[in-house]
Amino acid sequence: MGSNQRHPVEVRVSIPENENSEQSSFMTEQKKKFKLASLEAQKQASESSSKAKPLIQSVPSALIDMKQDFSKCFEPRLVALGPLHHRNRNLEPAEHSKLKLAALFALENEKTEDFLFQKIKLEIISLKECYYPKAIEGYDDEELAWMFFVDGSAVLYTVHHYIREDIKLNIKADLLALAQVDLFLLENQLPYRVLQILIFLTKDPVFWEASVAEFIGKNLITNVERGKKSRDSTSKKDGTDYAHLLHWLREQHLMGNEQKRSSSMIGKLLLKLGDSRRHRKTFRSIKELKESGIYVVPSKTNNLRNIHFDCNFFGRLRMPRLLVDDATASRFINLIALEMCPDFENDFGVTSYLCFLDTLIDKAEDVKELRATGMLHNYLGSDEEVADLFNRICGELVPDMNMYKEVTENIHKYCNNQWTTTVAQGYYTHFSSPWTFLAFLGAIIGLALSAIQTYTSLADNK
């Protein structure tokens, strides 16, 4: 082989080991996340979306960002229930009270704490499925089972004796009010199955569950008869499987008899002559509706969907009555949070109701009009505070536009009819108060007396 023969050149390309390892680590992590998402998707597909219960979880971050003014409404102020706030040091003083209440529950039903704890522990696997894994990853099965036993027993004993107005409860009124608010926070829920297990172990399960149902009824936002039973039955329907008490409270707000009334022949004709497509005369407040001849009439139902419009000549907007007090903001914002949970398939019934109500309440004078009709009961403070509360709660919320579609269309038809608006404006101008009516009546009497005097004078001259 000649000396001038060339040998092939060996080229070596060095690949940094770090880059390879980083790519491998990245893909491993992504595949792990994808596998977890795939398992969740399979589980979701295997369940009926309309029947699936929402998991107990944190408030959606989107709502927290939108409602920073209401951030305190998402956190318990007195007592932690369940694992999400269990280790909050600010709530530790209530832990001893819960133990005493749980002991009283066991004593009243002649059961030992170990018996009740073991019954909960038997179902701990299924109870853990009521939460996202990350929410309970710091708890073992025994700790969770003991927590469910203590919290569930304390809740049942408190609710039962609160409903019975029993002096055995021995809790100050202000603390009881705070605990009642904490009981309906999204992040402070216990699986309803925990309460069912404990109720079944009581001496009279029907009696104890009836207490829970009555407690739900007393906490309805539409129950203005403070301290009395709600107008619609709140007994738990057979086969109804609630995720927790807040879920039951939401469903109860959307149940009840429909109280729809038909318009008269004249009313139907007036609506037919109106044009719902013309939105130049859209309504923005109760005051504007009243000026157009529409009056709010409170209905005797708790169903927030039960809002209807009918008319004879003047229009009537029929709505459930509403109680506004110190707990209203917390109750509404947590019901909204529940409806926004990504795993909860629902029709946004409470959110849609609030958005509709927000179109009616613009200023304090609108709240005043609603109070005058008996539709709104204000235990919060001034009318300005109530108007501001609804304006702040409802900003940026997305309702179901079809829920009150027929109502809004009929209101637009009525408001876009020149006959109804002309007569209504005349009535509102001259007869909206007793003084204007008396002035009008005085003018008529004055004209009548003048006519009689003139006639008498002419008769005398003859």
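Just above, that's the structure.
In this text the structure is predicted, and so the values were computed from the model without any measurement.

Could you give me a rundown of the overall build of the chain, with the residues and numbers involved?
Across its full length, the chain carries 19 helices and five strands. The 462 residues of the chain split such that 43% are buried. Long-range contacts, defined as pairs at least 24 residues apart, comprise 75% of the intrachain contacts of the chain with a sequence gap of at least 6. Looking at the chain as shown, the accessible area adds up to about 26200 Å², and 54% of this sits on carbon and sulfur atoms.

Break down the environment of Leu127 for me, citing the residues and quoting the values.
By secondary structure assignment, the location of Leu127 is in helix H5 (residues 124–128). Each C-alpha atom, one on Leu127 and one on Phe148, is 9.3 Å from the other, the two residues being 21 residues apart in sequence. Not counting chain neighbours up to four residues away, the residues in contact with Leu127 comprise Ile120, Phe148, Pro191, Arg193, Val194 and Ile197.

Can you tell me about the sheet that holds strand S2 (residues 308–311), naming the residues and giving the values?
If you trace the three strands from one edge of the open sheet to the other, you get S1-S3-S2, paired in mixed fashion. Both outer strands of the open sheet, strand S1 (294–299) and S2, are each paired with one neighbouring strand and no more. Across the sheet, the mean angle from the axis of one strand to that of its neighbour is 30°, orientation sign disregarded. Across four bridges, the pairing between S2 and strand S3 (residues 315–320) is antiparallel. When the bridges of S3 are listed, Phe309 appears paired with Leu317.

Let's hear about the layout of surface pockets: which residues, and what values?
Taken as a whole, the second largest pocket encloses approximately 830 Å³ of empty space. Along its surface, the second largest pocket is lined by 35 residues, and Val181, Asp325, Asp326, Ala327 and Arg331 are the ones closest to its centre. Looking at the lining of the second largest pocket, the elements with two or more residues in it are helix H7 (173–182), helix H13 (328–340) and helix H16 (383–394). The dominant element in the lining of the second largest pocket, judged by the number of residues it contributes, is H7, at six residues.

Report on the side chain of Arg318, specifying residues and quantitative values.
With respect to the secondary-structure elements, Arg318 resides in strand S3. The class of Arg318 is buried, set by a relative accessible area of 9%. For Arg318, the side chain forms a polar contact with the side chain of Asp310, separated by 2.8 Å.

Please give an account of the packing of helix H6 (residues 141–163) against helix H9 (residues 205–218) that cites residues and values.
Two elements in contact, H6 and H9, have axes separated by 9 Å at closest approach and are oriented at 75°. Taken together, H6 and H9 sit at an angle that is classed as roughly perpendicular. Facing Leu156, Tyr157, Val159, His160, Tyr162 and Ile163 of H6, the residues of H9 in contact are Phe207, Trp208, Ser211, Val212, Glu214, Phe215 and Lys218. Broken down by class, the residue content of the contact of H6 with H9 amounts to nine nonpolar, two polar and two charged.

Explain the pairing of S3 to me, and be specific about the residues and the numbers.
The element S3 is largely enclosed, with a buried count of five among its six residues. With six bridges connecting them, S1 and S3 associate as parallel partners. When the sheet's bridge partners are listed, Ser299 is paired in S3 with Pro320.

Residues and numbers for the pattern of salt bridges, please.
Scanning the model with the defined rule gives 18 salt bridges in all. Glu123 is the salt-bridge partner of Arg193, the closest N and O atoms lying 2.8 Å from each other. Within this pair, whereas Arg193 is found in helix H8 (residues 192–200), its partner Glu123 is found in the loop between helix H4 (113–122) and H5, the two being separated by 70 residues in sequence. What makes Glu123 partly exposed here is its relative accessible area of 24%. Here Glu339 ties to Arg250 by a salt bridge, and the two come within 2.8 Å at their closest N and O atoms. Taken together, the positions of Glu339 in helix H13 and Arg250 in helix H10 (residues 245–253) put the pair 89 residues apart, joining distant regions of the chain. Owing to a relative accessible area of 3%, Arg250 belongs among the buried residues under this scheme. Linked through salt bridges whose partners overlap, the residues forming this network are Arg250, Glu251, Arg305, Glu339 and Asp347.

Explain empty space enclosed by the protein residue by residue, including any values.
Under the criterion given, the structure shown has one cavity of 30 Å³ or more. By volume, the largest cavity is sized at about 60 Å³. Taken together, Leu81, Val155, Leu183, Asn188, Gln189, Leu190, Tyr192, Leu195, His244 and Leu245 make up the full set of residues lining the largest cavity. Partitioned by chemical class, the residues of the lining of the largest cavity number seven nonpolar, three polar and no charged.

Talk me through the packing of aromatic side chains; I want residue IDs and the actual numbers.
All chains considered together, the criterion is met by 10 aromatic pairs. Summarising the aromatic geometry, the rings of Phe105 and Trp208 are spaced 5.2 Å apart at their centres and angled 90° between planes, so their arrangement reads as edge-to-face. Of this pair, Phe105 sits in helix H3 (residues 93–108) while Trp208 sits in helix H9, placing them 103 residues apart in sequence. Judged by its relative accessible area of 1%, Phe105 is buried. Considering the side-chain rings of Tyr242 and Trp248, the 5.1 Å spacing of their centres and the 10° angle between planes classify their relative orientation as stacked. Across the pair, exposure class does not vary: Tyr242 and Trp248 are buried alike. Members of the aromatic cluster, connected to one another through ring pairs, are Phe117, Trp146 and Phe149. One Lys or Arg, Arg87, reaches over the ring of Tyr139 and ends 4.1 Å from the middle of that ring. When the ring centre of Tyr162 is taken as reference, the NZ or CZ atom of Lys218 above it lies at 5.7 Å.

Rules of the game
Residues numbered from 1 in each chain as written. Predicted model: local features only at pLDDT ≥ 70, side-chain atom pairs only at ≥ 80, totals over all residues. Heavy atoms only, no water. Helix = DSSP H or I, 4+ residues; strand = E, 2+ residues; numbered from the N terminus. Buried < 20%, exposed > 50% of the residue type's maximum accessible area, 1.4 Å probe, protein only. Contact = heavy atoms within 4.5 Å. Areas by Shrake-Rupley, 256 points an atom, 1.4 Å probe, with all protein chains shown as cover. Pairing = 2+ DSSP bridges. Axes fitted to C-alpha atoms, helices over the stretch in contact; angles between N-to-C directions. 1 Å grid on protein atoms, 1.4 Å probe; cavity = no way out; pocket = protein on both sides within 12 Å on 5 of 7 lines; lining within 4 Å. Points joined across faces, edges and corners; volume = space filled by probe spheres on them. Polar contact = N/O pair within 3.5 Å; in protein donor to acceptor, adjacent residues only side chain to side chain. Parallel < 35°, antiparallel > 145°, perpendicular 65-115°, else oblique. Nonpolar A, V, L, I, M, F, W, Y, C, P; charged D, E, K, R; others polar. Salt bridge = Lys/Arg side-chain N within 4 Å of Asp/Glu carboxyl O. Phe/Tyr/Trp six-rings, centres within 6.5 Å; stacked < 30°, edge-to-face > 60°. Lys NZ or Arg CZ within 6 Å of the ring centre and 35° of its normal.

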